[in-house]
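# Residue-level structural notes
In case you want the letters, here they are:
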Amino acid sequence: MNRSTIARFARTGAAIAIAALAVSAVAAPAQAHETPKAGSTCAMSGMTLIDHGDVYVCVSKTAGAKPRWGKGLPVSKSALTWTDGWIKVAKSGMTASFGMLKNPTNKPITVIGASSSVSKVLQLHEVVDKDGQMVMQQKPGGFTIPAGGMLELKPSGNHVMFMKITKPITAGAMVPVSLITSDGGIMTAKVMGKVYSGANETYMPGM
Ligand SMILES: [Cu+2]
């Protein structure tokens with residue numbers, strides 16, 4: 001191998017390594033153009049990205065607070081599972097996904113963010129009673145699944161909110177969603193498009 005062949009080989013090798021990492025890490029969170037600084041403001045709570053093997057989640061710590069980037073968490077594979085996952089069919093705008101999260105470990109797991117290739121921003125929502133009206137809002141601190149326990153995501157309860165889908169979700173479509181945990185764990189599941197007439201709670205942004 002002459003020098004230029006080696007250089008070309010090295011470049012190709014590096015490209016393959018990066019591609020492999022991107023696939024194994026997660027398809028969903030966007031690749032960063034620059035590393036976000038922990039504590040710096042971000043556009044919208046629920047944004048996520050992966051940069052240099054670290055995952056970042058943009059979140060509002062308190063109701064109405066400016067969303068800020070959390071610190072970079074080294075990406076690992078989460079032991080969490082998501083079974084019977086489904087997503088409400090939608091042509092555009094917002095929609096939500098549901099199912100059963102199970103934690104097979106002996107420590108609690110907290111989900112702090114989510115991402116998907118079909119929506120730039122996903123949020124972790126709860127539904128609360130506000131003066132007699134059921135409204136949804138971001139769940140402070142995210143979803144905690146107890147050690148060896150489960151958490152059901154269901155209409156009128158906790159759910160993963162797709163804030164603005166980039167393409168229609170049709171019945172039977174398998175939509176990839178990744179959940180990000182407080183220790184950098186990532187779990188990717190596919191949720192199935194399903195026609196559903198409920199889960200029409202009003203959204204209260206900034207709550
Ligand atoms: Cu919601």
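Here the structure is a predicted model, which means the values were calculated and not measured.

## Thoughts on the overall build of the chain
The secondary structure content of the chain amounts to one helix and 17 strands. For the chain, the share of sequence-separated contacts (at least 6 apart) that also reach a separation of at least 24 residues comes to 66%.

## Structural notes on the nonpolar core
Among the nonpolar cores identified, the biggest contains 38 residues, and Val55, Ala114, Val160, Leu179 and Ile180 are the most heavily contacted of them. With five residues, the single largest contributor to this core is strand β3 (residues 54-59). Those residues in contact with Ala114, other than ones at most four positions away along the chain, are Leu122, Leu124, Val160, Val177, Ser178, Leu179 and Ile180.

## A few points about the environment of Thr95
Mapped onto the secondary structure, Thr95 falls in strand β8 (residues 95-102). Given 25 C-beta atoms within 10 Å, Thr95 falls into the buried group. For the pair Thr95 and Ala199, spaced 104 residues apart in sequence, the C-alpha to C-alpha distance is 8.7 Å. When residues no more than four places from it in sequence are discounted, the contact partners of Thr95 are Ile87, Lys88, Ala90, Phe162, Ile165 and Ile169.

## Quick word on the environment of Glu201
Position of Glu201 among the secondary structure elements: in the loop between β16 (185-194) and β17 (202-203). Separated by 64 residues in sequence, Glu201 and Gln137 place their C-alpha atoms 9.6 Å apart. Excluding anything up to four places from it in sequence, Glu201 contacts Val127, Met134, Val135 and Met136.

## Topic: the pairing of strand β15 (residues 174-181)
For a regular strand, side chains alternate in direction, first toward one face of the sheet and then toward the other. Where burial is concerned, most of β15 is hidden: six out of the eight residues are buried. Relative to β16, β15 is paired through seven bridges, and the arrangement is antiparallel. In the sheet register, Pro176 faces β16, and the bridge partner there is Lys190.

## Quick look at unusual backbone geometry
You will see that His52, though not glycine, has its phi angle at about 50°, which is positive. With respect to the element layout, His52 can be found in the loop between β2 (48-51) and β3. In this structure, Asp131 takes a positive phi of about 50° despite not being glycine. Along the polypeptide, Asp131 turns up in the loop between β10 (122-130) and β11 (133-138).

## A few points about the environment of Thr41
Considering the arrangement of structural elements, one finds Thr41 in the loop between β1 (30-31) and β2. Classification of Thr41 by C-beta neighbours within 10 Å gives exposed; the count is 11. Linking Thr41 and Arg68, residues 27 residues apart in sequence, is a C-alpha distance of 4.2 Å.

## Quick notes on the pairing of strand β9 (residues 109-115)
With six of seven residues buried, β9 is to be regarded as a mostly interior element. As paired elements, β9 and strand β12 (residues 143-145) share three bridges and run antiparallel to each other. Across the sheet, Val111 pairs through a bridge with Phe143, a residue of β12. Inspection of the sheet shows β9 paired to β15 by four bridges, in the antiparallel sense. Opposite Ser115, over in β15, you have Ser178 as the bridge partner.

## Some points on the confidence of the model for the chain
Residues of the chain with pLDDT of at least 70 account for 83%, and the chain-wide mean is 86. Overall, residues 1-27 carries pLDDT values under 50, and its contacts beyond four positions in sequence, including any with other chains, amount to eleven contacts.

Scoring rules and cut-offs
- Residues numbered from 1 in each chain as written.
- Predicted model: local features only at pLDDT ≥ 70, side-chain atom pairs only at ≥ 80, totals over all residues.
- Helix = DSSP H or I, 4+ residues; strand = E, 2+ residues; numbered from the N terminus.
- Contact = placed C-beta atoms within 7 Å.
- Core = buried A, V, L, I, M, F, W, Y, C linked by C-beta atoms within 7 Å.
- Buried ≥ 20, exposed ≤ 12 C-beta atoms within 10 Å, placed from the backbone.
- Pairing = 2+ DSSP bridges.
- pLDDT = per-residue confidence, 0-100.

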